[in-house]
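# Summary of the model geometry
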Amino acid sequence: MNRKLLLWLLGAGTPVLLLLLWWATSLQSTDTFFPPLKDILQSFQQLWLFAHFQSDVLVSLGNLLLGYAMASAVGVALGFVIALVLVARNVLEPLIHFLRSIPPVALVPIFISLVGFGTEMRVFSIALAALFPTLIATVDGIRSVDSGLKDVARVYRFTTVEKVTQVYLPSAAPQIFSGLQVSLQVAFVVMIASEMLGPSQGIGAMTLLAQQSFMISDMWAGILLLGVIGFAANIVFSLIRRRVLAWYIGSRRLARSS
Amino acid sequence: MKIQPKTLLTSAAGFLVAVAAWQLVATGPMAGGPLPTVTSVAVNLAAVVVTEAFWTSLATTVGIALLGLLTSAVAGIALGILVGSFEPFRYATVAVLEFLKPIPPIVILPLVVLVLGPTGQMSWFLVFLGCLLPIIMQTVDGVHDADPVARDTARSYGLKEPEILLRVVLPSAMPFIGTAIRVAAPGALIITVVAGLLGGGPGLGQSIYQAQAGGDYPTLYALVIVLGVLGMFFQGATSAVERRMLHWHESFREAAHR
């Protein structure tokens, strides 16, 4: 029992210790690239709370959410069509495999050339890049639906709508969610990349601007904020997943313990 | 798996229709705009492929990606075994690793560019960091998955700790490590391209940036197509390597007999 407590303390203590160490060792730092943590936190407060909150942070998050929502909706819907309609699968699958092999960030210059540097470009880049993980996971998820379940649905003469909503969607849900998680990370990366290319607003643009104008602690503040957003987005996603897939997680735990 | 000729035919037709649609849009409603025609992209692709500069930047891109992947595999497996074998280490690092995991390497790109400059070293470092965490975490999981009975058996046969590590723990962790590297490999390529595109590192990313900045859209599209093909190669190659190295593992055994 005592040992357990000690280990737990170790887990909670190490990050705090590392932060304190960063603070202490950097306090006297004169290195241009690694300013004191104190200065970084000061810049963080000046920049993001709340001078640029509305003009940059909200804009970035809004683009991220909008692009991601589009990608999720289209990805799941198209995934169903491709998995269930044979012709669509044959026609679209090679194309999709080619498109998803392109590094998502490489699509950003193409969108810049097509629609300019505006908000549409960023939302579209995010949406297209984040589409593929969800799409492919959905197709795989539906294909691996238990054939017994399909037969039962057929015996009970489920309509197509019933089949989709009551058989396919729930049993593919775990895989769809892991696709959605990858999509979220891709969307986040493309959000930053789309802001770093060309003159624009947003957290990524602010961070790169600070770097180019040698405002090092401002750049660190941007990196810190992006890190926190990346982490927080993942936490929020996990919470939603745990709620929606509660039945699945519970059944897995039961299966493992027996 | 054998591909039906009919399937192949519909797939080819789908591809042709997509290309034809692109050509129609480029010559019709968007003629003279930023969307180049298929023919001009094809001509450009053919012209680019014969230049020496193209092959140099292709080789640079692949080289950086592979070197980054290799170094992060070595470091990641070593650290993963260390963290996985000693409980205090695991508890101390779990919170830190979980916090850092969802943060993509693009976040610290401005800092790395600042310190290392727009060099190949910078690209390598980003690839290294980006692949490191997933490999560490999978190795830790793999070490934990080692069969305790096999461990105890080895110990009762008088094997020393290093030997147990080499003959029992490491082989049982191999499938986890293999999966981690296969998942990380396309990421390595993507990060190399991102580092070139946003950070000015050498390779295809830089060529894409130059094509976009110079308004040379046919070359831009040609390069993105090259990246797509390269990405497909990378995925295929890493799966093949994984299958070869893990041919003894049960998830691959069945495939060998077919």
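See the structure printed just above.
From a predicted model like this one, the values you see are computed outputs, not experimental measurements.

### Some details on the packing of helix α7 (residues 148-156) of chain B against helix α8 (residues 161-199) of chain B
The angle between the axes and the distance between the axes are what describe a pair of packed helices. Residue and element names in this part refer to chain B. For the pair α7 and α8, interaxial distance at closest approach is 10 Å and the crossing angle is 140 degrees. The pairing of α7 with α8 is recorded here as oblique in orientation. As for how α7 packs across α8, the hand of that crossing is right-handed. Residues Ala-150, Arg-151, Ala-154 and Arg-155 of α7 lie in contact with α8, whose contacting residues are Glu-161, Ile-164, Val-168 and Val-169.

### Here we look at a positive patch on the surface
Residues and elements named next belong to chain A. A cluster of basic residues, Arg-242, Arg-252, Arg-253 and Arg-256, forms a positive patch at the surface. Counting residues per element, the positive patch draws most heavily on helix α11 (residues 246-257), which supplies 3 residues. By the secondary structure assignment, Arg-252 is in helix α11.

### Focus: the interface of chain B and chain A
Counting from both sides, the interface comprises 48 residues of chain B and, opposite them, 49 residues of chain A. Here chain B meets chain A over a buried area of about 4200 Å², counting both sides, of which 81% is carbon and sulfur. Summed over the three residues of chain B that lose the most area to chain A, namely Tyr91(B), Pro102(B) and Leu114(B), the buried surface amounts to 14% of that side. Taken together, the connections running from chain B to chain A amount to 0 salt bridges.

### Comments concerning empty space enclosed by the protein
Unoccupied space between atoms shows up once a probe the size of one water molecule is rolled over them. The final tally for this structure, using the stated rule, is 1 cavity of 30 Å³ or more. As a volume, the largest cavity reaches approximately 60 Å³. The wall of the largest cavity is formed by Leu184(A), Gln185(A), Phe188(A), Gly230(A), Ala233(A), Asn234(A) and Pro102(B). Those elements giving two or more residues to the lining of the largest cavity turn out to be α8 (160-196) and α10 (216-244) of chain A.

### Topic: the environment of Leu82(B)
All names here are of chain B. If you trace the backbone, Leu-82 turns up in helix α3 (residues 52-85). For Leu-82, a relative accessible area of 36% puts it in the partly exposed group. Each C-alpha atom of the pair Leu-82 and Thr-219 lies 47 Å from the other, and the pair is 137 residues apart in sequence.

### What to know about the nonpolar core
With 112 residues, the main nonpolar core has Trp48(A), Phe188(A), Ile192(A), Met219(A), Leu198(B), Leu204(B) and Ile208(B) as its most contacted residues. Ranked by residues supplied to this core, first place goes to α8(A) with 17 residues. Sequence-distant contacts of Phe188(A), that is, excluding residues within four places in its chain, are made with Leu64(A), Leu226(A), Ile229(A), Gly230(A), Pro104(B) and Val107(B). Formed by 8 residues, the second largest nonpolar core is a distinct cluster that contains Val83(B), Phe128(B), Leu132(B) and Val140(B).

### Description of the packing of aromatic side chains
Residues and elements named next belong to chain A. Under the counting rule described, the total for this entry stands at 11 aromatic pairs over all chains. Measuring from ring centre to ring centre gives 6.0 Å for Phe-34 and Trp-220, while their planes differ by 55 degrees; the resulting arrangement is tilted. On the criterion of sequence distance, the pair formed by Phe-34 in the loop between α1 (2-26) and α2 (37-51) and Trp-220 in helix α10 is long-range, its members being 186 residues apart. Taken together, the aromatic side chains of Trp-22, Phe-34 and Trp-220 make up a single cluster linked through ring pairs.

### Digging into the layout of surface pockets
Estimated volume of the second largest pocket: approximately 890 Å³. Lining the second largest pocket are 25 residues, and of these Phe98(A), Leu99(A), Ala18(B), Trp22(B) and Tyr221(B) sit closest to its centre. Sorting the residues of the lining of the second largest pocket by element identifies α4 (86-101), α5 (107-115) and α6 (119-143) of chain A together with α1 (5-27), α2 (38-49) and α10 (217-245) of chain B as the ones contributing at least two each. When residues of the lining of the second largest pocket are assigned to their parent elements, the largest contribution, 5 residues, is made by α1(B). When grouped by side-chain class, the residues that make up the lining of the second largest pocket number 25 nonpolar, no polar and no charged.

Calculation notes
- Each chain has its residues counted from 1, running along the sequence as written.
- Think of it this way: whatever chain is written first is A, whatever ligand is written first is 1, and the rest follow in order.
- Note on the predicted model: pLDDT of at least 70 is required for a residue's local features to be given, and 80 or more for side-chain atom pairs to be given and counted; whole-chain, interface and lining totals, by contrast, use all residues.
- Note: side-chain values were computed over all heavy atoms of the structure, leaving out hydrogens and water.
- All axes here are fitted lines through C-alpha atoms, helices being fitted over the stretch that makes contact, and every angle between N-to-C directions spans 0 to 180 degrees.
- By the criteria applied, helices consist of DSSP H or I runs no shorter than four residues and strands consist of E runs no shorter than two, each listed in order from the N terminus.
- Should an angle fall under 35 degrees it is taken as roughly parallel, and over 145 as roughly antiparallel, whereas 65 to 115 is taken as roughly perpendicular and any remaining angle as oblique.
- For any pair of crossing helices, the crossing counts as left-handed if the nearer helix is rotated counterclockwise from the farther one by less than a right angle, and right-handed if it is rotated clockwise.
- A contact between two residues is defined here by any heavy atoms of the two lying within 4.5 Å.
- Like charges within 9 Å and nonpolar side chains (Val, Leu, Ile, Met, Phe, Trp, Tyr) within 5 Å are joined into patches, using only residues over 30% in relative accessible area that form no salt bridge.
- Note that accessible areas follow from Shrake-Rupley with a 1.4 Å probe, and for residues the cover is restricted to the protein chains shown.
- Should a side-chain nitrogen of Lys or Arg be within 4 Å of a carboxyl oxygen of Asp or Glu, the pair is scored as a salt bridge.
- In this tally Asp and Glu are treated as negative and Lys and Arg as positive; neither His nor the chain ends contributes.
- Charge coordinates come from a single atom per side chain, which is NZ of Lys, CZ of Arg, CG of Asp or CD of Glu.
- Buried area: the sum, over both parts, of the accessible surface (1.4 Å probe) that disappears when the two are put together.
- Only protein atoms enter the 1 Å grid used here. Points where a 1.4 Å probe fits but cannot escape make up a cavity, open sets with protein on both sides within 12 Å along at least five of seven lines make up a pocket, and a residue lines them when an atom lies within 4 Å of a point.
- Grid points are joined across faces, edges and corners, and a volume is the space filled by probe spheres set on the points.
- For every residue, the accessible area obtained with a 1.4 Å probe (protein chains only) is divided by the maximum for its type, and the residue is called buried under 20%, exposed over 50%, and partly exposed between those limits.
- We define the nonpolar core as a collection of buried residues of types Ala, Val, Leu, Ile, Met, Phe, Trp, Tyr and Cys that are connected through side-chain atoms lying within 4.5 Å of one another.
- Centre distance within 6.5 Å is the pairing criterion for rings of Phe, Tyr and Trp, where only the six-membered ring of Trp is used; planes under 30 degrees apart are then read as stacked, over 60 as edge-to-face, and the remainder as tilted.
- For this classification, Asp, Glu, Lys and Arg are treated as charged, while Ala, Val, Leu, Ile, Met, Phe, Trp, Tyr, Cys and Pro are nonpolar and the rest, including Gly, are polar.

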